[in-house]
Structures are given as structure tokens and as C-alpha cells.
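If you want the building blocks of each chain, they are given just below.
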Amino acid sequence: MTAVVSLQKVAKHYVRGTQRVEVLQRLDLEVGSGEFLALMGPSGSGKTTLLNLIGGIDRADQGSVMVAGEALDKLGSRALARWRAAHVGFVFQFYNLMPMLSAYQNVELPLLLTNLTKAQRATNVRAALALVDMSERQAHRPAELSGGQQQRVAIARALVADPTLLVCDEPTGDLDRTMASQTLDLLEMVNRELGTTIVMVTHDPLAADRASRRLHLDKGRLCAAAAELAA
Amino acid sequence: MKFIPLIWAGLWRKRTRTIFTLLSIVVAFILFGVLQGVATWLNGFGAGSHTNRLYVVSRISEIQPLPSGYLSHITRVAGVRQVAQVAALVGSYQQPTNTVVVLATDPRALFALYPEWRVAPQQLQALTRTRTGVIVGARVARLYGWRVGDVIPIRTSVLKNDGTTNWSFQVVGIYDSPDQPSEEDRMIANYEYIDEARHFERGTVFAFVVGIDDPSSATRICAAIDARFANSADETLTQDEKEYIQGQIRQLGDVGSLLNAIVGAVFFTLLFLTGNTLTQSVRERIPELAVLKAIGFADGSVTLLVLTEAALLCSAAALIGLLAAAALFPATAALGIAGTTLPAKVYAIGLLIAVGLALMSGLPPAWRAHRLQVVEALAGR
């Protein structure tokens, strides 16, 4: 299985006030193509930081971050933005949709950065909305949708440009059990049927159970598979 | 074009705030349009002046009278075709605020010198026949509802021989000036009537209007007229029409600078208002801008989005303001202040100012958006 994500000896620290916080310490990770990886761990363990590095919205202090065949630490800000547009779809805990845009317009956003015509964009947007079963609500603004529906639109936005990798930060963290289950069904389906590699950060063991692999992060280090820890 | 919905959405995120900001800019540009229109009009005043007309006034001051006897001397200067002496009677009709100006002159000579003032020949003839007659401008006639045959009482500060200051004129005609409607606010009367009836300053005028055949000789003729009265008790200053008119405007003070100062102060205030609105708007949208960056918008693209928002707001408001100013501008002509159409130059300058305003007020929030760190912004830090 080809590695979509390959991290070697990655370190990252933050400075909070006068304190230096080591978030990730010489971390190695490989995620294969088509894999659905769940990253678990306590708050402050570095899960989101790791996800941000994989998604190319943050940079490592040390080590190499290779995602979708590109060494992210070698890319400039502009090239990194282009790379994200082409290879990564983001799903956030609080959906982060544009409140003034309709579901359709929100899903269309990543396609505005491509050279697709309006008609081609419309075809892709409708396909993405159909995939998440939101075709009927495409004219609605986020405020007119439930949390679960908003997350579906966010997933459609993440998928519409056909990314290599989907990074999901607590995608079910703001949803009730039923909505969370439906969202996870959707992610599973995307992983299974579209072959999209997914890296998901979650606190929820039930959500993690849906993944094909689970990793536990503690104090900036990958410890072991979550299942093994539980055992 | 494909980014328009995104820019539009950002602009209308807080509808009320945007509307109020838009209105502020609109009002500023209405003010700018009208004032700059007046300033441009004043700067160009006299541009359409007649090059074959000269004006002779006192060298000391324009309000200093000159002897009416100069008329025959001026007429004899080589190159002079016709001369009309002009004295002025300033008074009010019915209300002290209804100011009227009566020009006491030789009507035939004056109307010959001003062919752009149109009057029926029989009305002009009636004026020469009627000692107390007056031909009134169409605008002033409309304003006070005067008709031919009406007798108009004018209250002045000029004492008559009978001890009163009230003058009476009979309307014998109405003239118009289609190219310069602002010149339709005068009353043309017989010099002899006014000069003989007034108690003081008899035999004087405030100016002579001189018609010449060859405009290229104007400088020589001006010098010749002034030389004729040099070293006399009443030295003259002779100018062509453009110089004379601009000299009159200069007496009002530096109107252009005053208007520019007002407009400058308005735009300076507006800069802070617009800047504050855009800064607030960007601050509220930091997580949204961070998401845009996360999904692949480059720093420059986000900067451009914010600047385009500012440009759209400022230029749309400027355009509305300038169009409203253009609609209001003819009212200034009715008041005798300026022309009937807003000069094209004002639109061009206005739109340039709008772009400048957008850049200056939009750059700080755009720079903030540019520097936005996705991770920090998403974490709410």
C-alpha cells in the first residue's frame, strides 16, 4: 500500500507566554492510500497539531512531512495553498461554513480556485451534495440547517475537489449520537467507495471504531494503537 | 466574476452596518460632486467669454465710479467698435432678501454688445421710448411673476432727487440667455432715467463695456484706453472679458481652496469611518477567512478579496453619490451659482478618490487578513 502521508522525526513546539510547549516529539507516521486512520488522545496531546501538519496548514519545526507525494516543508506559502486546494479536504468540528452563502455556494468554494467552467463546477457541486444527501437543501444557508446537515455540507465542500486526503478534526464533536453516527456512516462510505484517505482526530471511541486503524497520541508521541491500549 | 458572490456575501454580512457606511459615503460624494462641480465651474468661468468684449473699470477699485464722460474718449480709441456705459442700482423687490440688480445703460448699445442676450426688437424699441422702462431677465421675471406692462417698485439705498429711495420701473420686455441662464437675473434700464433721478454720483458709471472688431488687438486696445486716462484723477483698468470675470470671482476669495478644504475634511473623516467598518468586518470573519486559506486560498487572494470588498463598497457608493450630485447640480444653476450639468472631470476625480479611499481604508484590514495564521485563527487565538 502506497503511503499518502509520511512523517519522519517530526517535532513541533509552541510558545505560550514565557513557556515553551513541546507538542510533537520526533514523531514518525505513515498512512497508506485508502486508509481511514483515527487519532486519539487526551487534550493537549498534539492530535490537532499533527492533523494540521498533515493538512499543510501548519509547519513542523523539524523532520519531514511528505503528503500526497509532496514534501510540505519545502513548499512556500503560495505553493502550499495551491497544494492544499488540490489534495486536501478539511472537515472541522464546528463545520466552519460561510454563514452568508448557501449550501451550494459553500460547496462551490474550493472549485473557485480551479479552472473549471461554471457548468462544470455546477456538475461537481451537485454530485457532492447528492453524495451527502443534501441536494434538497442546496439553497439553504447554514443557519437554516441542523448541525448534522451543516456537517454534511462541510463534508461535501471537503470532497468536491476530489482530494487525495480528507482531514477531519473532531467531525462528530458537536453532534448528538444519531447525527454523529450518520456523519461517520458518510465518512466510512467516502473512504470505502471513493477510496479517499481519511485522517480523523476524535475523542470518541465509538467514532474511532469506525476507522480502519487507530493510533493513540500522548504528550506528543504516538504510543500504540488505541485498541491495544484498551486491551 | 466567480468570486463576486463571496465578496458580496462578505459585504452584506452585517446589512445595517454596510447600509449606514454606504449612505455615509454616498452623502460625502454628493457633497463632493456638487462642491467640485461648483469649483470646476468657477475655474472654467469665463472660458466661454467673448474675446471681442473689453471692460473698463476704475484702477483703484471696481466699486469706484468713473466719469460717464469717458465714453466719448473710449469710442475714439482705434479698434473700438462700440461702447456702452453701465451703472448699477442694487435694490430689493418686496422683501429685503429679494435682491435685484438694475443695470443703467444705453440699452441699444448694450444688447448690441451682448448678442447672446435675446430680446424682441420691438421690446428694445419700447425701452428706448419708455424712460422708466426696463427689460428684465427671463429668470428673474419667472421668479417674481413679472409680465410686460407690470410696474415694479424697487427699494434701494440710492437717494433720489425727490428725497426717497424707492424706484419704479415699467416692464417693457423680457430677454433670455439660453447658453448662460445665470445671466437672466438682470434688469436693463435707461441710464438717463437713473442718472438724472439719483441725487449722488450723477454723471458716473461703474464700468464701460467695449466692443472691438479684432480680438487679436485686445491687448493693444486695453493699453491704449488705460493710457488715455493715465495720471488722471480716475485712472482706468481695461481687461478682456475672461480676465474681468475671473477678477470678479477672485473677489469672493479663494473659493476653490475653501471647497477643497471642506471636501478634504469630509473624506478624511470618511476614511476613518470606512476603515473602521472594514476592520470590524474582517475581525468578525477571521475564522471564515482562515477556512478560506485552509481550503486553498492563498494569502494574496484573501487580501485581494478584502480589498475588492472595500473597492466595491466605495466605488458603488461613490457612483450613487455622484449620480445624485448630477441630479442635484441643475439646482445650483437655478440659484445662479453654477452650471446645469456636472462636469465629466468631477466624475473622473470622484471615482479616483473612491479607489483611493478603498485602498487606504481597506489596506489595514486586508493586511491583517494577509498575515492571518490559519491554525491560530481556527483555534480562536
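Residues numbered from 1 in each chain as written. Chains lettered and ligands numbered in written order. Predicted model: local features only at pLDDT ≥ 70, side-chain atom pairs only at ≥ 80, totals over all residues.

## Topic: the overall build of chain B
At step 1: Summing up its helical and strand segments, chain B has 14 helices and eleven strands in all.
At step 2: Relative to its length of 381 residues, chain B is extended, with a C-alpha radius of gyration of 30 Å against a globular reference of 21 Å.
At step 3: The C-alpha extent of chain B, read off along each of the three principal axes, is 90 × 45 × 35 Å.
At step 4: The buried share of chain B, taken over its 381 residues, is 39%.
At step 5: Contacts in chain B between residues at least 24 apart in sequence constitute 81% of all its contacts with a sequence separation of at least 6. (Helix = DSSP H or I, 4+ residues; strand = E, 2+ residues; numbered from the N terminus. Rg over C-alpha atoms; globule rule 2.2 N^0.38 Å. Buried ≥ 20, exposed ≤ 12 C-beta atoms within 10 Å, placed from the backbone. Contact = placed C-beta atoms within 7 Å.)

## Re the interface of chain B and chain A
At step 1: Listed per partner, the contact involves 18 residues of chain B and 19 residues of chain A.
At step 2: Here the side of chain B that touches chain A gets five residues from one element, more than from any other, and that element is helix α11 (residues 286–294) of chain B.

## Concerning the sheet that holds strand β3 (residues 36–40) of chain A
At step 1: Ordered in space as β6-β7-β8-β3-β9-β10 (chain A), the six strands form an open sheet in which the pairing is mixed. At either margin of the open sheet sits one strand with a lone partner, and together these are β6 (88–91) and β10 (221–222) of chain A. (Pairing = 2+ DSSP bridges.)

## Details of the environment of Thr-219 of chain B
At step 1: Relative to the elements of secondary structure, Thr-219 of chain B occurs in helix α8 (residues 218–228).
At step 2: The class of Thr-219 of chain B is exposed, set by 11 C-beta atoms lying within 10 Å.

## Digging into the sheet that holds strand β2 (residues 19–32) of chain A
Residues and elements named next belong to chain A.
At step 1: Read across the sheet, four strands follow the order β2-β1-β4-β5 without closing on themselves; strand pairing throughout is antiparallel. Edge positions in the open sheet fall to β2 and β5 (70–71), since each of these has one partner strand only.
At step 2: Strands β1 (3–16), β2 and β4 (62–67) of the sheet are contacted by helix α1 (residues 47–55), whose axis makes an angle of about 125° with β1. (Axes fitted to C-alpha atoms, helices over the stretch in contact; angles between N-to-C directions.)

## Side note on α1 of chain A
At step 1: Of all nine residues making up α1 of chain A, nine are buried, and the element is well covered by its neighbours.
At step 2: For α1 of chain A, the complete set of buried residues consists of Lys-47, Thr-48, Thr-49, Leu-50, Leu-51, Asn-52, Leu-53, Ile-54 and Gly-55 of chain A.

## A look at the nonpolar core
The nonpolar side chains of a soluble globular protein tend to be buried with one another.
At step 1: If you look at the biggest cluster of nonpolar residues, it comprises 123 residues, and the most contacted ones within it are Leu-37, Leu-39, Ala-156 and Val-199 of chain A together with Phe-29 of chain B.
At step 2: If near-sequence neighbours (up to four positions away) are discounted, Phe-29 of chain B is found in contact with Ala-317, Ala-318, Gly-321, Leu-322, Ala-325 and Gly-350 of chain B.
At step 3: Residues Tyr-70, Ile-74, Leu-113 and Ala-189 of chain B belong to the second largest nonpolar core, which totals 57 residues. (Core = buried A, V, L, I, M, F, W, Y, C linked by C-beta atoms within 7 Å.)

## A word on the pairing of β6 of chain A
All names here are of chain A.
At step 1: Taking every second residue as pointing to the same face, both faces of β6 are buried, with Val-88 and Phe-90 on one and Gly-89 and Val-91 on the other.
At step 2: Note: β6 against strand β7 (residues 165–169), four bridges, orientation parallel. The residue of β7 that forms the bridge with Gly-89 is Leu-166.

## Re unusual backbone geometry
Residue and element names in this part refer to chain A.
At step 1: Located in the positive-phi region is Arg-26, a residue other than glycine, with phi close to 40°.
At step 2: Tracing the sequence through the fold places Arg-26 in strand β2.
At step 3: For Glu-170, which is not glycine, the phi torsion reads 50° and is therefore positive.

## Things to note about the packing of helix α10 (residues 255–284) of chain B against helix α13 (residues 344–371) of chain B
Residues and elements named next belong to chain B.
At step 1: Across the interface, α10 lies against α13 with an axial gap of 9 Å and an inter-helix angle of 35°. Helix-helix and strand crossings are classified by hand; for α10 and α13 the assignment is right-handed. Where α10 abuts α13, its residues Phe-267, Leu-270, Leu-271, Thr-274, Gly-275, Leu-278, Thr-279 and Val-282 lie against Ile-353, Leu-357, Met-360, Ser-361, Gly-362, Pro-364, Pro-365, Arg-368 and Ala-369.
At step 2: Taken together, the residues that form the contact of α10 with α13 break down as eleven nonpolar, five polar and one charged. (Left-handed = near helix turned anticlockwise from the far one by under 90°. Nonpolar A, V, L, I, M, F, W, Y, C, P; charged D, E, K, R; others polar.)

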